[in-house]
Amino acid sequence: MKNLEKLSLLNISKSFFIKDKKIDVLNDVNLDVSPGEFVSIIGPSGCGKSTLLKLIIGLSSQTAGSILLGGHELQYSTHDIGIVFQEARLFPWLSVYKNITFGLENKQLSKDDKNDVQKHIKLVGLESFADAYPSQLSGGMQQRVSIARALISHPKVLLLDEPFGALDAITRIHMQQEITRIWQTEKSTILLVTHDIDEAIFLSDRVIVMSNRPATIKKIIPVELPRPRDRNGYDFLLLRKKIYKEFFDEIEIPFSFNI
Amino acid sequence: MKKIYLWFTENYLSIIVPLILLLIWESCSRFNLIETKFLPSPSWIIKEFFILLSNGELVRNLLISIIRVAEGFFIGVSLGIIVGIQVALNKNLQKSVRFIFGILRPIPVIAWIPVLILWLGIDESSKIAAISIGSFWSVLVSVVQAIRNVDKKYLEVAKVLRKDYKTTMLDVILPSTLPEIFTGIRIGIDVAWRSVIAAELIAASAGIGYMIMYARELFQIDIVLVGVFSIGLTGIVIEELVKMAERHLLRWNTNIYQEEVTRKI
């Protein structure tokens, strides 16, 4: 069993330079994610949500601030942190099985590794597709493989960068249920970036609303609904309305509630 | 049987048109409309082909040429891939060789042959060198291009999974560039096959090019033509072999093997 630790973002700022013009993307972002917590970040498009995940995973570095895991500077190891991108990004020349094992450190698989891979293939429900190539899978199935590849090294923190954004509505709902189940089995800390308000409420313990650029945390909304969650429950809709208000004026909200 | 029938209905023109042309050629020779001393009839050439096939002359010379191609091509492709990777990944090296390669690349292999003969003599090594040069450039260009086009998203995956340089190179960059490298290899083998003929026509003591030149000196036009056409036939066989290798190595690539992949599911 892995030891989950608290992920802390301290005073994170990030600026880009486009033709000598400084553009502030993130401005003083502070966030603590408890061990095993599921936190979603939503915000207007282009606000820098994905940039934040890039900083945490180490694909880019922050202009200021620090990222701590369990009180120490985050080490970029696959045991600490993993990511699922919006596109599955599988290698088309590898089978499903080999794409997943690419997430492991060693090429030589021990017996335990092999068992673990089988367990993860089962976890994402692709038992009969282990030898298939990515081009033979649907978008949803590809994304499952990508999740298994990120989970195979048992990261303490899993980052999800709009992982279901490219899927159709029905598959997306299906995957949201899957990710809840996977989170409950794997017990990772999950940080999800999404633009889907329903998805954020359905999945998370807390929803973080980001402001426009330069992005900073505008509001933190705890979601204290029992799981499995009913997307049409009164409390769910109330929360949804509350989050909509962060993005639109009262008048623009296109629905009202009559109970 | 049904399969053959279906294939034929799709492709009958590719068969019938050449047959008609051969028929016209044959009858022109029969009715003395063309001078058979300069252009023998197809039936005569085919007869000569079987004579040369049965006395082993044709096979022996073809094999010599094919072995030369295999050796030179192997050297050219290996060098092309190694140098290509270095050039693609090293910005300074890229700048250093830009003009050198720019000048050397457009030189046709045939222009190198006199130089190579002076340096290496007229035996095997000069021919192998010529073939290597020919295939080197086409592979080099496609490798450099392919590495430049590697999807950054794949590289990010390698990075977030904390893969080292060697793993990224061998398990991500190389396989993702393989389809484009294969295009280079296909062009390369074509160039190699042309180069060997050119080299043998200029100076050789064996090989299909030599066979053609020798027959020309004896004014055996039929043997010359058998030689010329067997170059074409061998070219087709080589191309098919490369395609087979490509299909096997790149079976994940749906672009080249659409039906097979979907059929498997």
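Residues numbered from 1 in each chain as written. Chains lettered and ligands numbered in written order. Predicted model: local features only at pLDDT ≥ 70, side-chain atom pairs only at ≥ 80, totals over all residues. Heavy atoms only, no water.

So, on to the overall build of chain A. Looking only at helices and strands, chain A has seven helices and ten strands in total. At 19 Å, chain A has a C-alpha radius of gyration in line with the 18 Å of a compact globule built from 259 residues. With respect to the three principal axes, the spread of C-alpha positions in chain A is 55 × 50 × 35 Å. Across the 259 residues that make up chain A, the buried fraction comes to 54%. In chain A, the proportion of contacts linking residues at least 24 apart, taken out of those at least 6 apart, comes to 70%. Of the charged side chains in chain A, 32 are positive and 31 negative, and the gap between their average positions amounts to 2 Å. (Helix = DSSP H or I, 4+ residues; strand = E, 2+ residues; numbered from the N terminus. Rg over C-alpha atoms; globule rule 2.2 N^0.38 Å. Buried < 20%, exposed > 50% of the residue type's maximum accessible area, 1.4 Å probe, protein only. Contact = heavy atoms within 4.5 Å. Lys, Arg positive; Asp, Glu negative; His and termini not counted. Charge placed at Lys NZ, Arg CZ, Asp CG, Glu CD.)

Structurally, Leu161 of chain B can be placed in the loop between helix 7 (152–160) and helix 8 (165–202). Note on Leu161 of chain B: relative accessible area 12%, which makes it buried. In contact with Leu161 of chain B, other than residues within four places in its own chain, are Thr78, Phe102, Gly103 and Arg149 of chain A.

So, on to the interface of chain B and chain A. The interface is formed by 21 residues belonging to chain B together with 25 residues belonging to chain A. Here chain B meets chain A over a buried area of about 2200 Å², counting both sides, of which 65% is carbon and sulfur. As a salt-bridge pair, Asp171 of chain B and Lys107 of chain A come within 3.0 Å of each other at their nearest N and O atoms. Where chain B touches chain A, the interface holds seven residue pairs in polar contact (both at pLDDT 80 or more). Broken down by secondary-structure element, the contributors of at least two residues to the side of chain B that touches chain A are helix 7, helix 8 and helix 11 (258–264) of chain B. The element contributing the most residues to the side of chain B that touches chain A is helix 7 of chain B, with seven residues. (Buried area = accessible area lost by both parts, 1.4 Å probe. Salt bridge = Lys/Arg side-chain N within 4 Å of Asp/Glu carboxyl O. Polar contact = N/O pair within 3.5 Å; in protein donor to acceptor, adjacent residues only side chain to side chain.)

To continue, consider the sheet that holds strand 6 (residues 81–84) of chain A. Residues and elements named next belong to chain A. Strand order in the open sheet made by the six strands is 6-7-8-3-9-10, with mixed pairing throughout. Lying at the two open borders of the sheet, with one neighbouring strand each, are strand 6 and strand 10 (217–222). For this sheet, the mean angle separating the axes of adjacent strands, direction not counted, is 20 degrees. Across the sheet, helix 4 (residues 139–151) touches strand 6 and strand 7 (157–161), and the angle it forms with strand 6 is around 175 degrees. (Pairing = 2+ DSSP bridges. Axes fitted to C-alpha atoms, helices over the stretch in contact; angles between N-to-C directions.)

A few words now on helix 6 (residues 124–148) of chain B. With 25 residues, helix 6 of chain B should reach 36 Å at 1.5 Å per residue; the first-to-last C-alpha distance of 36 Å fits that figure. Counting buried residues along helix 6 of chain B, 19 of its 25 residues qualify, which places the element largely inside the surrounding structure. (Expected span 1.5 Å × (residues − 1).)

On to the domain arrangement of chain A, then. All names here are of chain A. Domain boundaries assigned for chain A yield domain 1 (1–76 + 160–168 + 190–259) and domain 2 (81–154). Its C-alpha centre places domain 1 at a distance of 26 Å from the equivalent point of domain 2. Contacts between domain 1 and domain 2 engage 13 residues on the former and eleven residues on the latter. Carbon and sulfur atoms supply 72% of the area that domain 1 and domain 2 bury against each other, a total of about 1000 Å² over both sides. Here domain 1 and domain 2 share zero salt bridges between them. For the pair domain 1 and domain 2, the number of links is three residue pairs in polar contact (both at pLDDT 80 or more). Among the elements of the structure, helix 1 (49–57) and strand 7 are those that each provide at least two residues to the side of domain 1 that touches domain 2. In terms of residue class, the side of domain 1 that touches domain 2 is made up of nine nonpolar, one polar and three charged. (Domains from an automatic or database assignment. Nonpolar A, V, L, I, M, F, W, Y, C, P; charged D, E, K, R; others polar.)

All names here are of chain A. The strand order 2-1-4-5 describes an open sheet built from four strands, whose pairing is antiparallel. Edge strands, defined here as strands with exactly one partner in the open sheet, are strand 2 (21–33) and strand 5 (72–73). Here nine bridges tie strand 1 (residues 7–18) to strand 2, and the two strands are oriented antiparallel to one another. Looking at the pairing, Leu9 lines up with Leu31 of strand 2. The sheet contacts of helix 1 involve strand 1, strand 2 and strand 4 (64–69), and relative to strand 1 the element is tilted by about 115 degrees.

A few words now on a positive patch on the surface. Residue and element names in this part refer to chain B. Judged by side-chain charge, Lys91, Lys95, Arg98, Arg148 and Lys152 come together as a positively charged surface patch. Of the residues forming the positive patch, the biggest block, three residues, is contributed by helix 4 (residues 91–104). Relative to the assigned elements, Arg98 resides in helix 4. Residue classification places Arg98 among the exposed positions, given a relative accessible area of 55%. (Patch = residues over 30% accessible without salt bridge, like charges linked within 9 Å, V, L, I, M, F, W, Y side chains within 5 Å. Areas by Shrake-Rupley, 256 points an atom, 1.4 Å probe, with all protein chains shown as cover.)

All right, on to the pairing of strand 7 of chain A then. Residues and elements named next belong to chain A. With respect to burial, strand 7 is a largely interior element, five of its five residues being buried. Here strand 7 shows no split at all, with Val157, Leu159 and Asp161 on one side and Leu158 and Leu160 on the other all buried. Examined bridge by bridge, strand 6 and strand 7 share four bridges and lie parallel to one another. Its bridge partner lying in strand 7, Val84 is registered against Leu160. In terms of strand pairing, strand 7 meets strand 8 (residues 189–194) through five bridges, oriented parallel. Across the sheet, Val157 pairs through a bridge with Thr189, a residue of strand 8. Of the crossover connections in this fold, the one passing from strand 7 over helix 5 (residues 169–186) to the parallel strand 8 is right-handed. (Right-handed = clockwise from strand over helix to strand, strands pointing away.)

By size, the foremost hydrophobic cluster in this structure holds 85 residues, and its most contacted members are Leu26, Leu52, Ile56, Leu159 and Leu191 of chain A. Examining the composition of this core, we find that eleven residues originate from one element, helix 8 of chain B, more than from any other. Taken domain by domain, the makeup of this core includes at least three residues from each of domain 1 (1–76 + 160–168 + 190–259) and domain 2 (81–154) of chain A. Contact partners of Leu159 of chain A, with chain neighbours within four places excluded, come to Leu53, Ile56, Ile57, Ile81, Gly82, Ile83, Val84 and Leu191 of chain A. (Core = buried A, V, L, I, M, F, W, Y, C linked by side-chain atoms within 4.5 Å.)

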